[in-house]
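# A look at the structure
The chain contents come next:
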Amino acid sequence: MNDTTPEHRTGPITRKTSVRSTYRLQLRPDTLTFADARTIAEYLQQLGVSHLYLSPIMTAMPGSMHGYDVTDPTTVSAALGGPGGLKALSDEVRSRGMGLIVDLVPNHVGVGDAQHNAWWWDVLRHGKKSQFAHCFDIDWSPGNGAGGRLALPVLQSENDPAALTVDRSGSEPMLSLHDLRFPIAPGTDGENALRIHDKQHYRLVSWKAGICTYRRFFAVSSLAALRQEDPVVFELTHRELTAWCEHDLIDGVRVDHPDGLAQPTAYLAKVRRIIGPNRLLLVEKVLSSREPLDATLPIDGTTGYDALAELTGVLVDPSGESTLTGLSREFCGHGSNAAWIGNNEHRIKRAVAERLLVPEVRRLVAAIKRDAVIGGFDAAAISDVALTNATVEVLAFMPVYRTDYAPLAGMMGNVVAKVGKRHRELTVPLSVLVTALSAGGEAAVRFHQVCGAVTAKAVEDTMFYQAARLVSLQEVGSNPARFGHSLLEFHLANTERATRWPATMTTLSTHDTKRGEDVRARIGVLSQAPEAWSKTVKAAHEITPPPDGATALFLLQNMFGVWPVDGRAAAVPGLRERLHLFAEKAVREAGTKSSWEEPDLEFETELHRWLDAVIDGPVGAELTELATRLAPHAWSDALAQKVLQLCGPGIPDLYQGSELWEDSLVDPDNRRPVDFGHRLAMLQSLTGTPELDSTGAAKMWVVAYALWLRRERPDCFVGGTYTPLFATGERADHLISYARGRSGDTPQVLVAATRHSATLSETGWGDTTLDLPEGSWTDRLTGNTFSGRARLEKVFTRLPVALLVR
């Protein structure tokens, strides 16, 4: 494949408009360091990528495969190559006319092994007097449940304290609990480990006790939250960012989980001041259904989950809803539809608040009482039980991560009114809550922080593993209650993105998605073949009865999504192990038959036996047959969503390796090393339009030509116009098409993609045509030329997508 596009402009890239596309790299000390990234920069340049988008690069826990467990937010990871390695990578991509986007993690640091976090170690040693105590959100009050000490929920059993010993093998004595080590405060050493422990500023407690006196990332005790609202903490944790900008090493940042911060809007304003107006600022903001992005924020957009939901939804066939809802009702006891999701979201949120987030809710209620007293309430008259119940009920009905963004004004009042109407007995505690929130103090801050944690744990990490109607819709930022999106909705969403957020990121796969884009595309095809899928599932239950119908329905869809079309699953290296790991995670996240807190090993053993029986038996053969039969339609949808993303409004991000077919499931499966050598060899070997087959060459062909086109005509994309196009004829609704062009000019690029190809395979396009704008249009993917009224059966002769250029 020869790149005939103009040479890149070299030198510093300082304007956000130069970011045409990004390529997400999951850096790892063992397989992908800064030096390794330098070696693939040429390949990514040839592919057409403009910017490398790096996972967190600060010092993290030893062996970290993701980097979000930062242990020193003031230093670039030596394991990745240190500041010198970052500078060399920046210089390398700059020399190629490319740039870097970096992932910031402001909300938390890793504390799972205290020895590797100097700030945390110092707090454990010196308590409130530590020079770093102000960095963490710690409750030191006498009534914190740990006697005013810092509670560390690390004990696994009641007998664990007996395992405490004193480790004197190093330069300082430490308390030892299995593989963990804890500092001993000056003047408190002695012979008896338990007595030493009783003198420390911290207290080791059972993880089941519901006691944790520091704010965490969600319910993850190994990640302690930082107080970015403290100017000293902000300055300390953003020195490196400031230096990167001063030395022009980066072109933008992605902010991880800003909703966890005390004041996300103020925080983002500070970051904007550091990076300046011309660097990209994106936020990992999960927008709930129909929630608008706050236009008053000093950002360029989100990391793209909103676009993902639209790209997935528009390819789902609504005609399959009834059959798949019935199948879910038969095997799950519910339809996984809007009614079930609405009722169960509330129930699961309550359970999360009452079980997983007990420490956070307890601390929130204490803050509500304090702020309400300031507002005039009598503290003695406020019942903790009633106030907790009212607070949890309001949290459970919140439809968004947090409501303190400008477009959501009034939402809190609506939710409180709804709860008050349903529960007249909560009138007084709701009054206390409202008084406290109105004060705008600690209670209001903590409410929004807890609200986001409740939503994330309940919806994405629990409910999305319980529903099983069409699991491709159960994705971060998606709403599985809606069975797909209409063409009109899709175009209007794109129009708004082009107008309001032209430099936002769009994505199809991330390190956090529940399944990769091609797996999601194939599962989505089941909406086009619901009867065939229903038959397969029912036969599977007869032939190889599972230990639980709902779990089986969920897992079978995911297995279908990764099932090989050119051989049995048992022959694919590593696939069996990956499926077993996914199944274990899925049932524990769902929490209905097993859980992380109390795993049902007997049920899980049965499930693993069933899984092996499916892989090795006649059900596996059934999956092979169906996967092979539907493969062309899965590939069609995969190419459709890819070309629609790459040429649509916003800046498209490619997750590492996804330029070929990829079969990733949820993390850590989606963080496996990528064979870049294979991809480079394929890119260089492509000389003509590839066949649509299992090699993935067709996908790479589409990706490269779309990225080259963005590089060739950048003004047509970021900041360019967006015009919906509609076909005429019997099969008009099977086409998704739009035109892009420079602002104020006629369209220059026309994108066309096939929708619901399974039905088309029976009928063909027939008389369906698309009226092209004036001029001669050449399909960059095939070389075919069209003008005037184009017959779609001709446009899609070679591939189910087209990329027409005037």
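What you see is a predicted model; the values in this text were computed from it and never measured.

Here we take up the nonpolar core. The biggest cluster of nonpolar side chains holds 149 residues, and the ones touching the most others in it are Leu25, Leu47, Leu52, Leu54, Ile57, Trp244 and Trp533. At 15 residues, helix α22 (residues 618–647) tops the list of elements feeding residues into this core. Setting aside its immediate chain neighbours within four residues, Leu47 contacts Tyr23, Glu659, Leu683, Met700, Val703, Ala704, Leu707 and Trp708. Core analysis: the next-biggest nonpolar cluster, separate from the first, contains 51 residues, Val361, Leu395, Cys451 and Ala456 among them.

For the rest of this paragraph, the subject is the pattern of salt bridges. All told, the structure shown has 59 salt bridges when counted by the stated rule. The salt bridge involving Arg363 is made with Asp137; its shortest N-O contact spans 2.9 Å. You can see Arg363 sitting in helix α11 (residues 358–374) and its partner Asp137 sitting in the loop between α3 (118–126) and β7 (150–155), a full 226 residues away along the chain. Each member of the salt-bridge network shares a partner with another, and the members are Asp137, Arg215, Arg363, Arg370, Glu442 and Arg446.

All right, on to the confidence of the model for the chain then. The predicted coordinates ought not to be read in detail in places where the model reports low pLDDT. Considering every residue of the chain, the mean pLDDT works out to 95; 98% of them sit at 70 or more. Contacts for the low-pLDDT stretch residues 2–14, under 50 throughout, to residues beyond four places or in other chains number 32 contacts.

Okay, the domain arrangement of the chain next. Splitting the chain by domain gives domain 1 (22–107 + 227–303), domain 2 (114–225) and domain 3 (337–465). Taken over C-alpha atoms, the centre of domain 1 sits 31 Å from the centre of domain 2. Of the residues lining the interface, 17 residues belong to domain 1; the matching set on domain 2 comes to 13 residues. At the boundary of domain 1 with domain 2, total buried surface from both sides reaches about 1200 Å², with 61% on carbon and sulfur atoms.

Moving on, we get to the environment of Pro673. Within the secondary structure, Pro673 is located in the loop between β18 (651–655) and α23 (676–685). In the structure, Pro673 is positioned 652 residues away from Ser21 in sequence and 22 Å away in space, judged by C-alpha atoms.

What follows concerns the pairing of strand β15 (residues 280–283). Residue alternation in β15 divides its side chains into two sets, Leu280 and Leu282 and Leu281 and Val283, and both sets are buried. Two strands pair when backbone bridges link them, and strand β14 (residues 252–255) and β15 are joined in this way by four bridges, in the parallel orientation. Directly across from Gly252, in β15, lies its bridge partner Leu280. With helix α7 (residues 264–275) bridging β14 and the parallel β15, this β-α-β connection has right-handed handedness. As judged from the two bridges shared by β15 and strand β16 (residues 301–302), these two strands associate in the parallel manner. Following the sheet pairing, Leu282 is matched in β16 by Gly301.

Another aspect to go through is helix α1 (residues 34–47). Over its 14 residues, α1 runs 19 Å from end to end, which matches the ideal 20 Å to within 8%, given 1.5 Å per residue. By the largest-angle criterion, Ile40 marks the main kink of α1, which is about 40°. Looking only at α1, the buried set comprises Phe34, Ala37, Ile40, Ala41, Tyr43, Leu44, Gln45 and Leu47. Summarising the contacts, the buried residues of α1 are in contact with β1 (22–25), β2 (51–54), β4 (70–76), α2 (82–95), α23 and α24 (697–712). Among the residues trailing α1, Gly48 stands out with phi positive, at a value near 110°.

Let's shift gears to the sheet that holds strand β20 (residues 735–741). Taken in spatial order, the six strands of this open sheet run β19-β20-β21-β26-β23-β24, and their pairing is antiparallel. This sheet does not close on itself; its edge strands, each paired only once, are β19 (721–725) and β24 (785–786). Here two bridges tie strand β23 (residues 777–779) to β24, and the two strands are oriented antiparallel to one another. Counted as the bridge partner of Thr778 is Thr785 from β24. Seen against the sheet, α24 touches β21 (747–754) and β26 (801–805) and runs at an angle of roughly 25° to β26.

Cut-offs and rules
Each residue is numbered by its place in its chain's sequence as written, counting from 1. Whole-chain, interface and lining totals are the exception, using all residues; otherwise, since this is a predicted model, local features are given only for residues with pLDDT of at least 70 and side-chain atom pairs are given and counted only at 80 or more. Side-chain measures here rest on the full set of heavy atoms in the structure, leaving out hydrogens and waters. Only buried Ala, Val, Leu, Ile, Met, Phe, Trp, Tyr and Cys residues count toward a nonpolar core, and they belong to the same one when joined by side-chain atoms within 4.5 Å. Partly exposed residues are those whose accessible area sits between 20% and 50% of the maximum for their type, while under 20% is buried and over 50% is exposed, using a 1.4 Å probe and protein chains only. To qualify as a helix, a DSSP run of H or I must reach at least 4 residues; to qualify as a strand, a run of E must reach at least 2; elements of each kind are numbered from the N terminus. Any two residues whose heavy atoms approach within 4.5 Å at even a single point are treated as in contact. The salt bridge criterion pairs a side-chain nitrogen of Lys or Arg with a carboxyl oxygen of Asp or Glu, the two atoms within 4 Å. Each residue carries a pLDDT score, the predictor's confidence in it, ranging from 0 to 100. For the domains described, the bounds stem from an automatic or database domain assignment. Two parts placed together each lose some accessible area under a 1.4 Å probe, and the buried area is that loss summed for both. Pairing between strands is defined by DSSP: at least two bridges between them are needed. Consider the strands pointing away from the viewer: the crossover is right-handed when the path from the first strand over the helix to the second runs clockwise. Helices are assigned an expected span. That span is 1.5 Å times one less than the residue count. What we call the bend at a residue is the angle made by axes fitted to the seven residues finishing there and the seven residues starting there. Angular values range over 0 to 180 degrees, each being the angle between N-to-C directions of two axes fitted as lines to C-alpha atoms, with helices fitted over their stretch in contact.

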